[in-house]
Amino acid sequence: MAPPVERVSVELMPGLILHPGWLDGPARTRLAADLAAGFSVAPPYRPRMPRTGRPFSVTMTNCGPLGWVSDIAGYRYQAHHPETGAPWPAIPELALRAWDDLSGYPAPPEAALVNLYAADARMGLHQDRDEATLDAPVLSLSLGASALFRYGGTSRSDPTRSVRLHAGDALVMGGAARLVHHGIDRILPRPPDLLGAGEAMPAFLPPDGRCNLTLRRVTRPEPSPTA
Ligand code: MD6
Ligand code: FE
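Scoring rules and cut-offs
Position numbers for residues start from 1 in each chain and track the written sequence from start to end. Throughout, the order in which chains and ligands are written sets their labels, letters from A for the former and numbers from 1 for the latter. In keeping with the predicted nature of the model, local features appear solely for residues at pLDDT of at least 70, side-chain atom pairs appear and are counted solely at 80 or more, and the whole-chain, interface and lining totals rest on all residues. Values reported for side chains reflect all heavy atoms of the structure, with hydrogen atoms and water molecules removed beforehand. In this description a helix means any DSSP run of H or I spanning at least four residues, a strand means any run of E spanning at least two, and both kinds are numbered starting from the N terminus. Note on method: radius of gyration uses C-alpha positions; expected globular size equals 2.2 Å times residues raised to 0.38. For every residue, the accessible area (1.4 Å probe, protein chains only) is compared with the maximum for its type, and the residue is labelled buried under 20%, exposed over 50%, or partly exposed between those bounds. Where accessible areas are quoted, they stem from the Shrake-Rupley method and a 1.4 Å probe; at the residue level, only the protein chains shown are allowed to cover. Here, strands pair whenever DSSP counts at least two bridges between them. An axis is simply a line fitted to the C-alpha atoms; with a helix, the fit covers only the stretch in contact. Between two such axes, the angle follows the N-to-C directions and lies from 0 to 180 degrees. We call two residues contacting when some pair of their heavy atoms lies within 4.5 Å. Note that water is not among the atoms used; donors are N, O and S atoms within 2.8 Å of the metal (3.2 Å for Na, K and Ca), so sites may look incomplete. Residues belong to one nonpolar core when they are buried, are Ala, Val, Leu, Ile, Met, Phe, Trp, Tyr or Cys, and are joined through side-chain atoms within 4.5 Å.

K.L.:
Lay out the overall build of the chain in plain terms, naming residues and giving numbers.
P.N.:
Each helix and strand in the chain was counted, giving 2 helices and 13 strands. Taking 2.2 N^0.38 as the reference for a compact globule, 227 residues should give roughly 17 Å; the C-alpha atoms of the chain span a radius of gyration of 17 Å, in line with that estimate. With the C-alpha coordinates aligned to their principal axes, the bounding extent of the chain is approximately 50 × 45 × 40 Å. Looking at the chain as a whole, 49% of its 227 residues qualify as buried. Carbon and sulfur atoms provide 56% of the accessible area of the chain, an area that totals close to 11600 Å².

Quick look at the structure:
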């Protein structure tokens, strides 16, 4: 039997916890297959910025009872794909397990936003604040190429630092870090795969592309009945 993997975590700042390699190779393959199955129901599409209508450089889709969408009218959560009108597919089992293991939150996530990056895509500095429950963290899982993730503070002008996110990494943004500004500066070129042992890239990604899944609790859970 394979030895248990040793799991480390790094507190980048209070509330922002990186779990490098949280998903091993087989788990990444499984998660990618589950996501690919969801794409046949909810195909990735290119959202637009509120007001300006400027297209995002990433494409997006969602899994779960709710999905995060952006268009000319604004940002919101909704239960249906904006182009097909179909309900979003279920959140993959492995992602739910990661939420149970890492979120510390007693209710399940309701939305899993999938961001797909081509090699030249990026994501500007933003806060995740469209959820009614800021006491639940946002949990991110990465697949494919590595990326340079920038994070700062709750004020947009706070100083920032950056960290590399690799395939299989989990990042928990909660507590004092729940509203910090963050974004993806760039996707990193993949090292030459001299021994053929490089990252197995999900077939749905563009060449040297990256996929990031962010799990969110959106609504306040029903208070549990007290004895
Ligand atoms: C990305 N991530 O990694 C973008 N948001 O592609 C996010 O915007 C993000 O990684 C909230 C919490 C963790 C994240
Ligand atoms: Fe975010």
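K.L.:
Let's hear about the sheet that holds strand β1 (residues 10–13): which residues, and what values?
P.N.:
Ordered in space as β1-β2-β11-β8-β13-β6-β3, the 7 strands form an open sheet in which the pairing is antiparallel. In this open sheet, the two strands that pair with only one neighbour each are β1 and β3 (59–63). Strand after strand, the sheet turns through a mean of 20 degrees between neighbouring axes, direction not considered. Pairing of β3 with strand β6 (residues 111–117) involves 5 bridges; the strand directions are antiparallel. The residue of β6 that forms the bridge with T61 is V114. Against the sheet, helix α1 (residues 25–41) makes contact with β3, β6, β8 (138–144) and β13 (210–216), and its axis sits at roughly 95 degrees relative to β8, the strand it touches most.

K.L.:
I'd like a rundown of unusual backbone geometry, residues and numbers included.
P.N.:
Of note in this structure, R51 is not a glycine but carries a positive phi near 65 degrees. Considering the arrangement of structural elements, one finds R51 in the loop between α1 and β3. Of the residues examined, R51 reaches a relative accessible area of 73% and is grouped as exposed. At D208, a position not held by glycine, the phi torsion is positive, near 60 degrees.

K.L.:
Residue-level account of the coordination of the iron ion (ligand 2), with values.
P.N.:
Protein coordination at the iron ion (ligand 2): the donors are H126 (NE2), D128 (OD) and H182 (NE2), at 2.1 to 2.3 Å from the metal. Motif for the iron ion (ligand 2), donor spacing along one chain: H-x1-D-x53-H.

K.L.:
Just give me the short version of the sheet that holds strand β7 (residues 123–126), but keep the residues and values in it.
P.N.:
Taken in spatial order, the 4 strands line up as β7-β12-β9-β10 in an open sheet, and their pairing is antiparallel. Both outer strands of the open sheet, β7 and β10 (161–165), are each paired with one neighbouring strand and no more. Neighbour-to-neighbour, the strand axes of this sheet turn through a mean angle of 25 degrees, independent of strand direction.

K.L.:
Please give an account of the nonpolar core that cites residues and values.
P.N.:
Ranked by size, the top nonpolar core spans 30 residues in total, and within it L31, L35, V114, L139, L141 and L213 carry the most contacts. Those residues within four positions of L31 in sequence are excluded, and the remaining contacts are L23, P92, L94, L141, L143 and L213. Formed by 27 residues, the second largest nonpolar core is a distinct cluster that contains L66, F149, L171 and M173.

K.L.:
Just give me the short version of the pairing of strand β4 (residues 67–71), but keep the residues and values in it.
P.N.:
Most of β4 sits inside the fold, with 4 of its 5 residues counted as buried. Here 5 bridges tie β4 to strand β5 (residues 74–78), and the two strands are oriented antiparallel to one another. Looking at β5, one finds that S70 is bridged to Y75. Counting the residues between successive antiparallel strands, the hairpin from β4 to β5 contains 2 residues.

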